Amino acid sequence: MHALKAKLAHAKAEEIEAGHAVAVILHDVKRMLEVMPQMGADMQRITHTMDEMNAKMSGVPVMASEMQRMNHQMGIMTYGVDSTMGRGADDAVVVR
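Bear in mind the structure is a predicted one, so any value in this text is a computation, not a measurement. (Residues numbered from 1 in each chain as written. Predicted model: local features only at pLDDT ≥ 70, side-chain atom pairs only at ≥ 80, totals over all residues. Heavy atoms only, no water.)

1. Remarks on the overall build of the chain
Inclusion rule: The numbering of helices and of strands both runs from the N terminus, where a helix is a DSSP run of H or I of at least 4 residues and a strand a run of E of at least 2. Exposure categories follow from relative accessible area, calculated using a 1.4 Å probe and restricted to protein chains: below 20% of the type maximum is buried, above 50% is exposed, and the middle band is partly exposed. A 1.4 Å probe and the Shrake-Rupley method give the accessible areas. Residues count as covered only by the protein chains that appear here.
For the chain, the helix and strand inventory stands at 3 helices and 0 strands. For the chain, the N- to C-terminal ordering of α and β elements is α-α-α. The proportion of buried residues among the 96 residues of the chain is 4%. When the accessible surface of the chain is summed, it comes to about 8,700 Å², and 64% of that surface belongs to carbon and sulfur atoms.

2. Digging into the pattern of salt bridges
Just so we agree on the cut-off: One speaks of a salt bridge when a side-chain nitrogen belonging to Lys or Arg is within 4 Å of a carboxyl oxygen belonging to Asp or Glu.
Inspection of the entire model under this criterion finds 3 salt bridges. Ionic pairing is found between Glu 66 and Arg 69, a salt bridge with its closest N-O pair at 2.5 Å. Taken as a pair, Glu 66 and Arg 69 lie in helix 3 (residues 60–79) at a separation of 3 residues, close to a single helical turn. Here Glu 66 falls in the partly exposed class, since its relative accessible area comes to 34%.

3. A closer look at helix 2 (residues 18–57)
Rules: Helix span, as expected, comes to 1.5 Å for every residue beyond the first. Throughout, the bend at a residue refers to the angle made by two axes, fitted to the seven residues ending there and to the seven starting there.
For helix 2, spanning 40 residues, the distance from its first C-alpha to its last is 56 Å, which sits close to the expected 58 Å at 1.5 Å a residue. Met 36 marks where helix 2 bends most, by close to 35 degrees; the proline Pro 37 follows one to four residues later.

4. Observations concerning the confidence of the model for the chain
Convention followed: Note: pLDDT gives the predictor's confidence per residue, expressed from 0 to 100.
Summing up the model confidence of the chain, the mean pLDDT is 79 and the portion of residues at 70 or higher is 76%. The element-level mean pLDDT for the chain is lowest in helix 1 (residues 2–9), coming to 69, with helix 2 highest at 88.

This is how it looks when you write it as structure tokens:
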């Protein structure tokens, strides 16, 4: 088959026998059809992997929202803390 393909590749259109051209085409089609099931299986595996990744990523917005809420709460908690490290102004040590 390889010799026939090589012969047809370098031949002029009028030199190609129809039977030879059909044989080469059918051979190539047969080879393509043989790999189609493997390609289908590969595509299913890739789709499955992508679906798993999507499922894992679906939690990211929830985590971001929770982090924002926690950041807000920390801001509230630390608002009253000044350089006295949590002691109120009445408890501050005054150095003179």
